[in-house]
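Survey of secondary and tertiary structure
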Amino acid sequence: MTVHRLTSRDNPLLKKIRRVSSGSRGEPELVAAEGIRVLEEVAKEDCEIEAVVVSESFGSSPREERLFRYWQSKGARTYKTAESLFKSVSSVMSPQGAVALVRIAPRNLDQVRTGPDPLVLCGCGIQDPGNFGTLIRSAVAAGCTMVCTLKGTVSARNPKVIRSSAGAFFRIPVVEQTRLQDFEQYCTANSIRIYRTDVREGLLYTEVDLKSGCAVLLGNEGEGLDERHFVRFPAIRIPMAKEVESLNVAVAGSVILFEALRQRLENSWKIS
């Protein structure tokens, strides 16, 4: 595999990676994937790679060698640069020495096929990239059909979200910045019941039927869900010890998603 060298901070490819990482709207189909685990997920999903940039020291471990072989098999353009230059495109304190531009076209609701009894996670104003990335990772592990966001939620294409998801972003359809009205219509058309999470009211999450098609709405870390817009949906809650006000949104969402998985696995055992 031919590995080209980059020697200038102003190289067009390095500039492009910085633009994509910053969320520039100029190239909406590209995301920046950084780190060994994330790039392994890109390889597993066989995503289209536009280019890869690695540091001088990258390629010595077996995992790194496997990634190099994969990039070679796909004919991915691969570039090597000095450690100092690599840090100029990295979004982490301790870079692992590899970042790729990956082509992932934005999706809309009509492009996602639900299948039987879909399980959907919908972020409604989640701000922290770490929280949202963790939720995407849990969504994949719990067997979700799709992750959706309403306006005001951090972009799933944010490099910090992708990294926090441990690359799970590449394994599940993500539909971003949809309108609540459109999401509700989609759920109605696909027999998906919508539940909102609430810290004070609603049925216990273990007492709700999560085996059938359902969507779980999770609100902003500080404000939760605005009752003016979401009160018409049935509420579910997680019981907590006295004097505890709330759970972290990523923790709460994960608890509910894995309860849905538990119910579905239990149901499949009964059927079999």
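For the structure itself, consult the block above.
Now for a quick tour of the structure. (Residues numbered from 1 in each chain as written. Predicted model: local features only at pLDDT ≥ 70, side-chain atom pairs only at ≥ 80, totals over all residues. Heavy atoms only, no water.)

With respect to the packing of aromatic side chains
Our working rule: We call Phe, Tyr and Trp rings a pair once their centres come within 6.5 Å, taking the six-membered ring for Trp, and we label the pair stacked below 30 degrees between planes, edge-to-face above 60, and tilted otherwise. Put simply, DSSP marks the helices as runs of H or I at least four residues long and the strands as runs of E at least two long, and each gets a number from the N terminus on. The buried label goes to any residue with under 20% of its type's maximum accessible area, the exposed label to any with over 50%, and the partly exposed label to all in between, with areas taken from a 1.4 Å probe on protein chains only.
Here the structure, examined in full by the defined rule, presents four aromatic pairs. Their ring planes at 25° and their centres at 6.0 Å tell us that Phe58 and Trp71 sit as a pair that is stacked. Of this pair, Phe58 sits in the loop between strand S3 (48–55) and helix H3 (62–74) while Trp71 sits in helix H3, and the two are 13 residues apart along the sequence. When sorted by exposure, Phe58 lands in the same class as Trp71, which is buried. Here the aromatic residues Phe58, Phe68 and Trp71 are joined through ring pairs into a cluster of three or more.

Some details on the pairing of S3
To be explicit about the condition: Should DSSP find at least two bridges between two strands, the strands are regarded as paired. The crossover handedness rule: strands pointing away from the viewer, path from first strand over the helix to second strand clockwise, crossover right-handed.
The buried fraction of S3 amounts to seven of the eight residues, a majority that puts the element mostly inside the structure. One ladder, built from six bridges, connects S3 with strand S5 (residues 98–103); its direction is antiparallel. Bridge pairing in S5 links Glu48 to Arg103. In the classification by handedness, the crossover that spans S3, the intervening H3 and the parallel strand S4 (residues 77–81) is right-handed.

A look at helix H2 (residues 36–44)
To be explicit about the condition: Only heavy atoms matter for contacts: two residues are in contact if any of them lie within 4.5 Å across the pair.
Buried residues dominate H2, accounting for seven of its nine residues. If you follow the buried residues of H2, they end up packed against strand S2 (30–34), S3, H3, S5 and helix H6 (159–164). At the C-terminal side of H2, Asp46 shows a positive phi close to 55°.

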